[in-house]
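As a plain string of letters, each chain reads:
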Amino acid sequence: MLRKPYDEKAKDISGVFFKKLVSKIPDLIFQLSLSPNGELSSPFFNKAVIQYFELSRNELRNFDLSQRIIEDDFLELLHSLQNLPDNTTVWCHEFRAFLPTKGLRWFKAAANVEVDQFSYTSLFGRLSDITEEKQREIELKISEERFQFAMEASSNGVWDIDMVTDKVFYSAQSMKMLELEAMDIVDGHARWDDLIHPDDLAEYQNQFQLHLDNKIPFYENAKRMLTKSGNYKWILSRGKIIKRDENGNALRIIGTDIDITHQKEEEKKLVQSLQIIGEQNSRLLNFAHIVSHNLNSHTGNFKMLLDLIDEENDEQTTKEVLGYLRTSSNALNQTIEHLKELVDINTQMVHKKENLNLNMYLNKVLDILNNDISKNKVKIFNKIPKECYIDFNPSYLESILLNFTTNAIKYSHPERVPEIMYNHYLENGKVVLEIQDNGLGIDLARHGDKLFGMYKTFHKNENARGIGLFITKNQIESMGGSVTVDSKTNKGTTFKIYFNNEI
Amino acid sequence: MKFNDVFVVDDDKVFHFIIKKLLMNNGIDVNPAFFENGLLAIERLKKKLENGESTPDLILLDINMPILDGWQFLEEFKRIKNKLEKDIIIYIVSSSDDKADKSKAKTFEDEVKNYYLKPMTAEDLRTIFAV
């Protein structure tokens, strides 16, 4: 049986004792009471509350909590109390109060709830000043919002890999870069790695591993990644392990993605421009040497022949020398013609380009060479699609096709039926025209470096003039294209013409 | 020095005629063999070695020629040089005033004695043949 805890006097004493005790506690202790009709009163606040809320004696007399509490917050507080769910035992609420010297502060009230037999609700609890906590929360929110905004405004993507579970988060921007929607699930970063260009994978993995092994402070790698539409984009990723276990194993790594495709393309263009300028420069230098050498050789002949006439007076020699003077003069004329042609190609700043049907031009050239083709029983394989267009100078295109085709016929192998195959395809986004023959072929190891030089002939063929390929190369390059050769002696030759048509 | 056997390797037939005339006019009693490119010349040289015939004493060599140019001829020549019973004196005679060609000629200092720029004069020939 329970003993009666204390008599009435003892209860009084203990009441006084508790009041004294409570008044000494630095915590803000309060009691609130809510009548059944919703009226709020505050039967008790400890001294700490009075001091904290900076209440004067005057204010204390008819103390009303709402004096200090921001009006909207007080209404909300009241509403919360009036609508306490049945059987609630704990009540928590945050509100703002404006204090005379402390200014605006945030408070949290936490109290136990009791309802007596007359339906009066009593709340006993404490208040805490949570201003600093709130401040931090607000600052964090602002900073998060700022970060979010920065992420959305910038083109950078963010990723976060949990190395333990292999769970990965990719920001919307990271997804957008690869043209992925939020619903395209990328589960695990291995799936992401599958999108990396095979040529760039090893370097990426190497960098990543170096950072995992703590050999580099962060990882940085530019790589090509496959987008949803099947194109590659250059993505610069930077990452840093932000959490390792006691053995140094990576637990979590966070990083960014930047789409640098545009920079890479510009870089490529710059390199190409430099290359073109370099090539032009060396062509000009080469040209200067050609002019010097070729003119020198003719004028030298003139001088030597004229010296001979000076030395000898007999009619026979003079006649002979005159014949050679004529030969030299003709050769000089031809050289000057070639040089003029080269000057035209190399000095014209703007070459007229037109959208040309490649097949049509090829057929035109094949028509011109019809006699040679049938005489030599040449088999022509034209694999160029009917609707293939390139931007090029019309007369250059004709000249180029004519020259390559003539060469293929001229240097056909005497022991087999000559075949010439014309092919068309894309290589790294460039239109390629491939002209392949089964002719004599060229010893590239021996002649490769000067195949396209002026006055170089490599075959024991009397018709070889050694100017065609030189002119052809100049024409192609002046249109921003390039030409390569692959050949094997006695097997045949393949020329590849790259047109400067971006697809 | 007396040169009995001379090769002139040059694709320019006008130059062949001029050399013939210059030699005659300057009383140089030599009847050179003319070749239009390096390949023809090196093949003849190889054949002479095979047949045990006497090789030339002197070669006038052009640089810019079709099929096998002067440099390629010199490369081939280097390979068969040790089979020769007597040295062959080689002069480059070219229209190229290019520094690159002149310095390249120096890389063949064991083979090439001098570099003559065309037009070739009677004086040049007299110096070469020491008349």
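The shown structure was predicted, so the numbers you read here are calculated from the model rather than taken from an experiment.

Caption draft 1: Molecular detail of the overall build of chain B. Assigned secondary structure in chain B consists of 5 helices and 5 strands. Starting at the N terminus and ending at the C terminus, chain B contains elements arranged as β-α-β-α-β-α-β-α-β-α. Per-residue burial for chain B yields a buried fraction of 42% across its 131 residues. At a minimum sequence separation of 6, the contacts of chain B that also span at least 24 residues come to 75%.

Caption draft 2: Highlighting the interface of chain B and chain A. At the interface, 18 residues of chain B touch 24 residues of chain A. For the side of chain B that touches chain A, the element with the most residues is helix 1 (residues 13-25) of chain B, which contributes 6 residues. For the side of chain B that touches chain A, the class distribution of residues is 8 nonpolar, 5 polar and 5 charged.

Caption draft 3: The environment of Asp-10 of chain B, seen in detail. Residues and elements named next belong to chain B. For Asp-10, the location among the structural elements is in the loop between strand 1 (6-9) and helix 1. Here the alpha-carbon distance between Asp-10 and Ser-94, two residues 84 residues apart in the chain, equals 9.0 Å. Those residues in contact with Asp-10, other than ones at most four positions away along the chain, are Phe-15, His-16 and Asp-62.

Caption draft 4: Seen up close, the packing of helix 2 (residues 38-51) of chain B against helix 3 (residues 70-80) of chain B. All names here are of chain B. Viewed as axis vectors pointing N to C, helix 2 and helix 3 meet at an angle of 15 degrees, and their least axial separation amounts to 9 Å. Between helix 2 and helix 3, the interaxial angle falls into the category roughly parallel. Relative to helix 3, the crossing made by helix 2 is right-handed. Note on element contacts: helix 3 touches helix 2 through Gly-70, Gln-72, Phe-73, Glu-76, Phe-77 and Ile-80, opposite Gly-38, Ala-41, Ile-42, Leu-45, Lys-46 and Leu-49. When grouped by side-chain class, the residues that make up the contact of helix 2 with helix 3 number 7 nonpolar, 3 polar and 2 charged.

Caption draft 5: Quick look at the packing of helix 11 (residues 358-368) of chain A against helix 13 (residues 394-410) of chain A. All names here are of chain A. Put simply, helix 11 and helix 13 touch, their axes get as near as 9 Å, and they point 50 degrees apart. The orientation of helix 11 with respect to helix 13, classified from their angle, is oblique. Judged by the sense of rotation from one axis to the other, the crossing of helix 11 with helix 13 is right-handed. In this structure, helix 11 uses Tyr-361, Leu-362, Lys-364, Val-365 and Ile-368 to contact helix 13, whose residues at the interface are Leu-397, Glu-398, Leu-401, Leu-402 and Thr-405. When the residues that make up the contact of helix 11 with helix 13 are grouped by side-chain class, the tally is 7 nonpolar, 1 polar and 2 charged.

Caption draft 6: Representation of unusual backbone geometry within the structure. Here the bond from Lys-118 of chain B into Pro-119 of chain B is cis, since omega is 5 degrees, no more than 30 degrees from zero. Examined against the element boundaries, Pro-119 of chain B turns out to sit in the loop between strand 5 (112-117) and helix 5 (122-128).

Caption draft 7: Spatial organisation of the pairing of strand 8 (residues 219-226) of chain A. Residue and element names in this part refer to chain A. With 8 bridges connecting them, strand 8 and strand 9 (residues 232-244) associate as antiparallel partners. Directly across from Ala-222, in strand 9, lies its bridge partner Leu-236. Counting the residues that bridge the hairpin from strand 8 to strand 9 gives 5 residues, and of these Gly-230 lies at a positive phi of roughly 95 degrees.

Calculation rules
- Residues numbered from 1 in each chain as written.
- Chains lettered and ligands numbered in written order.
- Predicted model: local features only at pLDDT ≥ 70, side-chain atom pairs only at ≥ 80, totals over all residues.
- Helix = DSSP H or I, 4+ residues; strand = E, 2+ residues; numbered from the N terminus.
- Buried ≥ 20, exposed ≤ 12 C-beta atoms within 10 Å, placed from the backbone.
- Contact = placed C-beta atoms within 7 Å.
- Nonpolar A, V, L, I, M, F, W, Y, C, P; charged D, E, K, R; others polar.
- Axes fitted to C-alpha atoms, helices over the stretch in contact; angles between N-to-C directions.
- Parallel < 35°, antiparallel > 145°, perpendicular 65-115°, else oblique.
- Left-handed = near helix turned anticlockwise from the far one by under 90°.
- Pairing = 2+ DSSP bridges.

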